[in-house]
Amino acid sequence: FGSSGSSNGLPCGCGAMAKVAERAVGITIIVRTEDAPRLRHHFKLRVGGGTSDRVRIGRAPSNEVCIQLPGISVIHAELRVVEEGSEARSLQLRLFDQSTNGTLLALPEGERVTLKKGLDMHVPHGARLMLPMMTKTKSGDKERRAKVTVELDNPTLFMLPQPQEKPRKTQQLQQQQLQQ
């Protein structure tokens, strides 16, 4: 595991390249499970940087953060830095849920939000993700769960969440619903 990063295809010295580079932000993801040591992963995410603008979390070995637990989807969730709001410099780290069993987002102030497939929400510094949200086996026993803490290298770069923000449909889910 390590930093995510790739060229955006622009020649060196190009003004657009400098703009993308200055829009890179660092995040640290700390993964805890009951029977394994805590793991830390650091990533530099770029706004509009293609595959370097996301961190995928799930069971697939190709994910940037791979967690091998039952109940966690192949690609369970994705973290992305996006521009939000009226100011061009307003950034948000958003969690896009792609799971079958859902994700619980525990906000630093204590509120807990349930995310289901196709929903996304702002993730503030210090938020914890619980993967998977549904943890019962067919026999009724509880399955193990991963706790993922998200830390922003520079929280002041990010826009504060709106009070009582609710999960919203991702653009992909909205498009699917329009086609039906």
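About the cut-offs
- Residues numbered from 1 in each chain as written.
- Predicted model: local features only at pLDDT ≥ 70, side-chain atom pairs only at ≥ 80, totals over all residues.
- Heavy atoms only, no water.
- Helix = DSSP H or I, 4+ residues; strand = E, 2+ residues; numbered from the N terminus.
- Buried < 20%, exposed > 50% of the residue type's maximum accessible area, 1.4 Å probe, protein only.
- Contact = heavy atoms within 4.5 Å.
- Areas by Shrake-Rupley, 256 points an atom, 1.4 Å probe, with all protein chains shown as cover.
- Pairing = 2+ DSSP bridges.
- Axes fitted to C-alpha atoms, helices over the stretch in contact; angles between N-to-C directions.
- Polar contact = N/O pair within 3.5 Å; in protein donor to acceptor, adjacent residues only side chain to side chain.
- pLDDT = per-residue confidence, 0-100.
- Salt bridge = Lys/Arg side-chain N within 4 Å of Asp/Glu carboxyl O.
- Patch = residues over 30% accessible without salt bridge, like charges linked within 9 Å, V, L, I, M, F, W, Y side chains within 5 Å.
- Lys, Arg positive; Asp, Glu negative; His and termini not counted.
- Charge placed at Lys NZ, Arg CZ, Asp CG, Glu CD.

A. Local environment of the overall build of the chain. Broken down by element type, the chain carries two helices and 12 strands. For the chain, the succession of helices and strands along the chain, N to C, is α-β-β-β-β-β-β-β-β-β-β-β-β-α. By the burial criterion, 43% of the 180 residues in the chain qualify as buried. In the chain, the proportion of contacts linking residues at least 24 apart, taken out of those at least 6 apart, comes to 51%. Entry remark: accessible area of the chain is about 10,000 Å², with carbon and sulfur atoms responsible for 51%.

B. Structural detail: the sheet that holds strand β1 (residues 24-33). Taken in spatial order, the six strands line up as β2-β1-β11-β10-β7-β8 in an open sheet, and their pairing is antiparallel. Every interior strand has two partners, whereas the edge strands, β2 (36-46) and β8 (112-115), have only one. Between one strand axis and the next, the sheet turns by 20° as a mean value, whatever way the strands run.

C. The pairing of strand β3 (residues 54-58), seen in detail. For β3, the buried fraction is high: four of the five residues fall into the buried class. Pairing of β3 with strand β4 (residues 65-66) involves two bridges; the strand directions are parallel. Counterpart to Ile57 in the pairing with β4 is Val65.

D. Representation of the side chain of Gln92 in the model. Here Gln92 lies in strand β6 (residues 91-97). For Gln92, the side chain forms a polar contact with the side chain of Arg94, separated by 2.4 Å.

E. Structural context of the environment of Gln98. Relative to the elements of secondary structure, Gln98 occurs in the loop between β6 and β7 (103-106). You can call Gln98 partly exposed: its relative accessible area is 27%. C-alpha of Gln98 to C-alpha of Ala77: the two residues are 21 residues apart in sequence and 5.2 Å apart in space.

F. Expanded view of the confidence of the model for the chain. Within the chain, residue pLDDT values average 77, and 68% of them lie at 70 or more. Contacts for the low-pLDDT stretch residues 1-21, under 50 throughout, to residues beyond four places or in other chains number 24 contacts.

G. A look at the pattern of salt bridges. Here the structure, examined in full by the defined rule, presents four salt bridges. One salt bridge connects Arg80 with Glu78, and the closest N-O pair in it is separated by 2.5 Å. With relative accessibility at 7%, the residue Glu78 sits in the buried group. With its nearest N and O atoms 2.5 Å apart, the salt bridge here joins Arg94 to Asp120. Of the two residues, Arg94 sits in strand β6 while Asp120 sits in strand β9 (residues 119-122), which places them 26 residues apart along the sequence.

H. Looking closely at unusual backbone geometry. Backbone torsion omega between Leu131 and Pro132 reads -15°, so that peptide bond is classified as cis. Tracing the sequence through the fold places Pro132 in the loop between β10 (128-131) and β11 (146-152).

I. Structural detail: a positive patch on the surface. A cluster of basic residues, Arg32, Arg38, Arg112, Arg128 and Lys147, forms a positive patch on the protein surface. Inspection of the secondary structure assignment puts Arg112 in strand β8.

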